[in-house]
Every structure is written in C-alpha cells, then in structure tokens.
Amino acid sequence: MALTDPSKRLEAIPPYMFAELERRVAKKREAGIDVISLGIGDPDQPTYPHIVSAMQDAVAANANQKYPTNQGRQEFRQAFADFYADRFGVEIDPGTEVIPAIGAKECIYNLCFAFLDPGGVALAADPGYPVYTGGPTLAGARAELLPLLPELGFVPDLGAVPAEVAARARLMFLNYPNNPTGATVPEGFFELVVSFAREHEVLVVHDNAYSETTYDGYVAPSFLATPGAREVGVEVFSLSKGFNMTGWRCAAILGNAEAIRTYWRLKTNVDSGLFEAVQLAGAAALRGPRGPVQRMNETYARRRDLVVSALRDIGVEVESPKGTIYVWAPVPDGQSSTSFAELVLEQAAVVVSPGSMYGPSGEGFFRISLTTPDERIAEAVERMREHLA
C-alpha cells in the first residue's frame, strides 16, 4: 500500500458529485465559453441584513471567541424552541430536545457514527442528498435505498421494504420538501413513517432543509408535528436555504431527547461546537422578520415559472414544484439523465444536474436549481429554447 492511498471506506464512495460539476464548469470557462450553471443549489442573494448585523456585533465580543459548548448557547436553543412553537405548533424543550449542528450535512454524517455499527443498515431516500448513502458507508454500515416513487408523489412504499432489511435498520433518512424532486409530503405519509419506525425500532431522521422555501400558498409541516414522531425521530433544521446562510453552517437537531443525547456524546469527541457568534446570528434569523423570507420565495417562484415555461416549450412534461429551490423534470424520450445533461451543456452551455447523480431512482430525470440571478436564468432558458426545441 502506498503512503497516500485512501482507506477502503473512502474508496467505497464515489467522488462528491457537486465537485465534479464545478470541475466541468471551470474547464468550459477556461476555454472561453460562457457557461450558465443551474446545477448547484447555493442562494445567489445575500444573507438578510438583520442576520449579518447580529453576526457583526457578536463576532466582535471577546466572550464569543472562546471554545463553544457542544450543547449550544441558551439563546440559540430557546430561539429554536420559540420558532418551532410559532411556526410548526411543536413544543420543544430547549434544555434537552435541541442542540446546534455545524450544518445539516455534518449532523447527518455524525448521526451515522452515533447509531450505526459496522454492518448495520440505514434506509436512505433514493434519489436523495448524497450524505444519506455516503455517511453510512463511511461508518462501515450499509445504505439500503428507498426508491421515491413518482406514482406515490415521490415517497417510498414502506410496505415494500423487505422484512429482513427492516429488521436490521437503525436509521431512516427522509426529506420533505424534497431535494432533488421538489415534492411536498403527501397527507398521511408522516403517520405511516411513525408507524413503520415504531414497528421496526428505526430512528427517523427528517432533513428539514426546505420548509421555509415554498410557493403558491403551500406551508410545509415539521415531521415532529406528527403524533408520535418525537418518540421515534429527530429533525435536522438548516438555516442554509431559507435564510440564505449556506456558508454559515448553521443548523440544529431537534426531537427525541435520548437520540440527541447520543448525538451530543459523539459530538463531544469530534468537534468543539458551533461558533457562538454564528449561534447568535442564527437566533437572530429565527426571531427576525418573515418579510425577507417571503420576498426570497417570490423571487424563486418567478424563476420557477420561467424554467417550467421554457421546459414545456421544448416538450418536457414537468410539474411546477410547491417547495424547494429546484425543478425536477423527466428527460426527453431517447435520452438518459447523463446524455441529456451532456446535450444541454454542449448545445446550450447550460449546466443541469443529471438525476442519476442522486441515486439509481433519479435516472430518467434532471434537476435545475433556481439559485441563479433572474437575468441569467432568463438567458439560460432562452438558450435551451433555441438549441433544444
């Protein structure tokens, strides 16, 4: 074995897909091609001013520059408890049912090490956020895919999970509003999840990254508002998308107190907690006015309509999503996810994400992100009309 050979567990997972997208875009731009990337979901608008102001005040205070506690500042935990009560009607104990996370990705990854033994099983939404499968693999466990079925509204058929798989499963990763499909949770599905988790003693991890990014009057629920959910699950709430805070790495895990205690036990051994100035900025985000969030959603809805209209013009039958910052669409007949993405890149110099990047069940679809300025979105869709119609 060579000095710098990666571990077998690292070799078992593919390179992170967005890194490959960034590499391809850079190569085209180096060749002088004006590429418009609609691939990665990173909000283009600034973080809201009241959040930045709170951070500026907090970062200058010497008391906030020390090692933070992994359990989080009281102000941060109380802000989450108040937000969940007001927004979702969910009562959270700020002392035992919420602690900070350094972004949702870190939280989900660490949950794998907290709950999965080598050879264990996690049930992972397919298509889904790559850490749902990469995390278990790096922990020496196995991810069993839960295909999200279009005919069921992009939720899995829990009754189809093999008995032997359900018996070995420790974790289940779900996410609604859903990345990458843009689907919202159908009525009654969370109740089915609670029942399944009780029967098979599976800890549900609901990745609530997009609840604040919704359209057409839709209001997304919290999984924790489902009767019995707190007995079987936790929810990871990220401020990245709804509050334009992707780079801030500010999130929290809420719900089952015993599960959170186990997560905290792992955290005390692997990091030193979320920077306290970021916690105070996160509290300001949660307590702040809703106007900026609503205006951001109006911007995304306008961009969504541009994209959906253009796709329909070139013959793509696409549903208009009520949540997330993505449009999920079937590829045209005769194309695979990858071949269509290649065609769009070569013919229109526009980057879209092939659905297969998110798991086997993503094959036959592609994803467009709405986190590009309006004028570039308009140019991208015009290029697609011109070159692909």
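For the structure itself, consult the block above.
First, a word on scope: everything that follows refers to the structure included in this document.

Calculation rules
- Residues numbered from 1 in each chain as written.
- Predicted model: local features only at pLDDT ≥ 70, side-chain atom pairs only at ≥ 80, totals over all residues.
- Heavy atoms only, no water.
- Helix = DSSP H or I, 4+ residues; strand = E, 2+ residues; numbered from the N terminus.
- Rg over C-alpha atoms; globule rule 2.2 N^0.38 Å.
- Buried < 20%, exposed > 50% of the residue type's maximum accessible area, 1.4 Å probe, protein only.
- Contact = heavy atoms within 4.5 Å.
- Areas by Shrake-Rupley, 256 points an atom, 1.4 Å probe, with all protein chains shown as cover.
- Lys, Arg positive; Asp, Glu negative; His and termini not counted.
- Charge placed at Lys NZ, Arg CZ, Asp CG, Glu CD.
- Pairing = 2+ DSSP bridges.
- Right-handed = clockwise from strand over helix to strand, strands pointing away.
- Axes fitted to C-alpha atoms, helices over the stretch in contact; angles between N-to-C directions.

**Quick notes on the overall build of the protein**
Counting its regular elements, the protein contains 14 helices and twelve strands. Relative to the 2.2 N^0.38 estimate, which gives 21 Å for 389 residues, the radius of gyration of the protein is 21 Å and therefore close to what a compact globule would have. Across its three principal directions, the C-alpha atoms of the protein cover 55 × 55 × 55 Å. Here the protein holds 389 residues, and the buried ones make up 55% of them. Across the protein, the fraction of contacts at a sequence separation of at least 24, relative to all contacts at a separation of at least 6, is 75%. Of the accessible surface of the protein, which amounts to about 16500 Å², a share of 52% is contributed by carbon and sulfur atoms. Taken together, the 34 basic and 48 acidic charged side chains of the protein have centroids lying 5 Å from each other.

**Structural notes on the pairing of strand 6 (residues 203–208)**
For strand 6, a buried count of six out of six residues is recorded, marking the element as mostly surrounded by other parts of the structure. Note: strand 5 (residues 169–174) against strand 6, four bridges, orientation parallel. Its bridge partner lying in strand 6, Leu171 is registered against Leu203. Following the chain from strand 5 across helix 8 (residues 189–200) to the adjacent parallel strand 6, one finds a crossover that is right-handed. The pairing of strand 6 with strand 7 (residues 233–238) spans five bridges and is classified as parallel. Within the sheet, the bridge partner assigned to His206 lies in strand 7 and is Glu235.

**So, the pairing of strand 9 (residues 326–330)**
The buried fraction of strand 9 is high, at four of five residues. For strand 9 and strand 12 (residues 365–369), the ladder comprises five bridges, and the chain directions are antiparallel. Opposite Ala329, over in strand 12, you have Phe366 as the bridge partner.

**Regarding the sheet that holds strand 12**
Judged by pairing direction, the sheet is antiparallel, and its three strands sit side by side in the order 9-12-11 without closing on themselves. A strand with exactly one partner marks an edge of an open sheet, and here the two such strands are strand 9 and strand 11 (353–354).

**Quick notes on the sheet that holds strand 7**
The sheet built from seven strands is open, its strands ordered 2-8-7-6-5-3-4 with mixed pairing. Each edge of the open sheet is held by one strand with a lone partner, namely strand 2 (98–101) and strand 4 (142–147). Pairwise comparison of adjacent strand axes, ignoring direction, gives a mean angle of 25° for this sheet. Two strands pair when backbone bridges link them, and strand 7 and strand 8 (residues 251–255) are joined in this way by five bridges, in the antiparallel orientation. Paired with Val236 across the bridge in strand 8 is Ile253. Against the sheet, helix 5 (residues 104–115) engages strand 2, strand 5, strand 6, strand 7 and strand 8, with an angle of about 170° to strand 5. Across the sheet, helix 10 (residues 257–270) is in contact with strand 2, strand 6, strand 7 and strand 8; its angle to strand 2 comes to roughly 35°.

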